[in-house]
Amino acid sequence: MDSRDLPELRVGALAELLRRGEISSVDIVGACLSRIDRLNSTLAAFITVDADGALRAARHADRARGRGHARGPLHGLPFAVKDAFWAKGLPATNGSRLFADFVPSEDATVVARLRAAGAILLGKLNMMELGFGPTLHPPFGTPRNPWNLERTPGGSSSGSASAVAARLVPVTLGGDTGGSIRLPAALCGVVGLKPTRGRVSRHGLMKICPAFDSAGPLAASVVEVALVLQVIAGHDRRDPGTSRVAVGDYVAATTGGVAGARLGVVKELMESPVLDPEVRRLVSDGVATLETAGARVTEVSLPLMAHASAIYIGVAEPEAAVLYRAALMTRASEIDVLPRRRLLAASLLPASMVARARQLGERLRVQVDEALRDVDVLLGPTTPSGAPPIPATSRLQSKEEAWTTAVAGRSVFTNPFNVTGHPALSVPCGFTREELPAGLQIIGRYYGEADVLRIGAVYESLTEWHQRRPPLA
Amino acid sequence: MTDLTPAEVRSLAAVIGLTITDDDLEDVTARLNASLEHLRGLDALEPPSGLPSAD
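Residues numbered from 1 in each chain as written. Chains lettered and ligands numbered in written order. Predicted model: local features only at pLDDT ≥ 70, side-chain atom pairs only at ≥ 80, totals over all residues. Heavy atoms only, no water.

Looking at this structure, how should I read the pairing of strand β11 (residues 437-443) of chain A?
Every other side chain in a regular strand lies on the same face of the sheet, so the side chains alternate between the two faces. All names here are of chain A. Counting buried positions along β11 yields seven of seven residues, so the element is predominantly enclosed. Side chains P437, G439, Q441 and I443 project from β11 onto one buried face, and the interleaved A438, L440 and I442 project onto a second face that is buried too. Where strand β9 (residues 377-381) and β11 come together, four bridges link them in antiparallel fashion. Across the sheet, P381 pairs through a bridge with L440, a residue of β11. Sheet topology places strand β10 (residues 424-431) next to β11; seven bridges connect them, and they run antiparallel. Its bridge partner lying in β11, F431 is registered against P437. The turn joining β10 and β11, which pair antiparallel and follow one another in sequence, is formed by five residues; a positive phi near 65° is taken by E435. (Buried < 20%, exposed > 50% of the residue type's maximum accessible area, 1.4 Å probe, protein only. Helix = DSSP H or I, 4+ residues; strand = E, 2+ residues; numbered from the N terminus. Pairing = 2+ DSSP bridges.)

Teacher, can you tell me more about the packing of helix α13 (residues 337-346) of chain A against helix α2 (residues 22-40) of chain B here?
How two helices sit against one another is set out by the angle between their axes and by the gap between those axes. Contact geometry for α13 of chain A and α2 of chain B: axes closest at 9 Å, N-to-C directions at 55°. Taken together, the axes of α13 of chain A and α2 of chain B lie oblique to each other. Our pair here, α13 of chain A against α2 of chain B, has a crossing hand that is right-handed. Touching V337, L338, R340, R341, R342, L344 and A345 of chain A of α13 of chain A are D23, D24, D27, V28, R31 and L32 of chain B, all from α2 of chain B. When its residues are assigned to classes, the contact of α13 of chain A with α2 of chain B shows six nonpolar, no polar and seven charged. (Axes fitted to C-alpha atoms, helices over the stretch in contact; angles between N-to-C directions. Parallel < 35°, antiparallel > 145°, perpendicular 65-115°, else oblique. Left-handed = near helix turned anticlockwise from the far one by under 90°. Contact = heavy atoms within 4.5 Å. Nonpolar A, V, L, I, M, F, W, Y, C, P; charged D, E, K, R; others polar.)

Explanation requested: the sheet that holds β11 of chain A in the structure shown.
Within a sheet, adjacent strands bond to each other through the backbone by hydrogen bonds, running parallel or antiparallel. Residue and element names in this part refer to chain A. Here eleven strands make up an open sheet; going across it, the order is β1-β3-β2-β4-β6-β5-β10-β11-β9-β7-β8 and the pairing mixed. The open sheet terminates on both sides in strands that have one partner only, identified here as β1 (46-49) and β8 (296-300). Pairwise comparison of adjacent strand axes, ignoring direction, gives a mean angle of 30° for this sheet. Against the sheet, helix α5 (residues 158-165) makes contact with β1, β2 (78-82), β3 (120-125), β4 (171-176) and β6 (214-219), and its axis sits at roughly 155° relative to β4, the strand it touches most. Across the sheet, helix α14 (residues 351-374) touches β7 (262-266), β8, β9 and β11, and the angle it forms with β9 is around 115°.

What follows is the structure, encoded as structure tokens:
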């Protein structure tokens with residue numbers, strides 16, 4: 001096999017070739033590094049590439065495998081993480097000049113767990129500054145969407161999605177506070193999961209809104225996302241917010257069917273005035289596909305969904321503003337104009353409104369829980385449209401624009417489930433007329449990742465969207 | 001309800017020790033007013049009696 005073809009293969013195929021001794025981890029890592037070397041200057045998916053460290057780890061993995069000590073399905077396979085995660089000895093910039101000189105002395109728990117499973121860290125991925133929305137002048141290069149280089153890959157886990165879409169690395173980790181895994185996954189045509197709040201440790205994930213921050217996997221397929229989740233999920237004594245609820249068999253869940261499964265299509269999401277008609281059609285077609293496989297589809301109404309973005313903004317933005325208060329006072333000019341203005345505005349929201357938003361967030365969670373007593377999962381779009389153009393101006397034209405594009409923005413369909421904490425998966429569900437990917441969002445009960453992954457895997461098996469490749473050289 | 005003016009926004013920021021530059025002021029004002037408008041909309045979800053409920 002030509003080593004240049006290795007990055008095109010899925011984790012399962014690579015693991016089988018490794019098991020048979022037809023390739024080595026050094027081969028795989030070398031092929032990924034070559035592809036990164038060729039494409040990263042265009043895509044700006046990576047901020048830091050640890051070629052020496054990755055090749056060293058690959059040699060170690062090969063020796064371990066030779067001694068019969070392969071640690072599992074991810075042994076010897078490369079991964080990369082959003083630059084908001086600590087990786088010992090590598091810079092963790094959080095996409096910002098504020099952290100340009102920060103080098104953590106330990107791994108984030110999720111990084112440590114993947115390394116313990118034998119996976120090999122290739123490097124740190126580009127992101128929107130501080131994980132806080134669009135960045136006009138990204139300090140570490142402008143991330144580009146592999147499907148159309150004039151379009152954003154979305155964010156804030158921009159590189160986590162674009163690197164998978166461009167086959168620079170098979171699996172990545174992202175962080176999701178308002179949609180920052182699911183949004184770029186949808187816009188780049190890959191799979192992304194925000195797990196249940198407390199399912200995955202956030203120790204070593206740089207915060208933006210502690211109430212909603214989540215860590216989760218991205219990959220080209222649902223089963224690969226399940227493989228990574230299997231490794232990273234579970235209680236962590238270093239993150240008291242993690243749950244002791246037993247970790248399910250997520251990989252096994254991807255082999256289940258949907259016959260008789262009850263799917264609830266969220267009315268308020270599908271009827272949203274900001275939803276592009278093309279994306280609505282693609283999502284509806286996706287639902288119909290699941291129905292043909294035997295699922296039972298009903299419409300579900302969540303009345304508080306109409307206020308979910310306001311609830312999200314009321315809680316998340318002030319938390320971020322408090323975290324960065326000192327930086328706003330002393331180093332404001334080092335923060336990109338877009339997140340800086342957003343943090344400044346968020347700093348001035350009245351405390352009574354924040355408290356009100358929190359109260360209603362709890363009500364929204366109850367509403368979603370109640371809906372999920374009658375159905376197994378909820379369905380809806382992930383984003384309002386395909387990938388927008390890369391931001392080119394900082395100037396808002398109106399207060400209305402401030403809300404729809406700058407404040408609530410593209411996270412209008414994802415942020416409700418950060419508020420409630422339910423697990424939510426985005427899977428590719430087609431392409432717009434502009435050949436831009438769209439995503440179908442699948443939301444499950446608390447700790448219901450198995451159901452979400454099962455439905456996603458069935459949908460994937462019935463469609464071919466996940467097999468398409470962006471038109472890169 | 002009337003939107004905050006840029007001058008009012010700048011004064012509020014100064015109360016908590018933040019300085020907003022001339023270049024940022026208009027956009028920060030628009031963003032804040034947009035958020036306030038939508039957060040005020042949450043007040044419409046209060047119980048009719050205006051008193052807290054037991055649940």
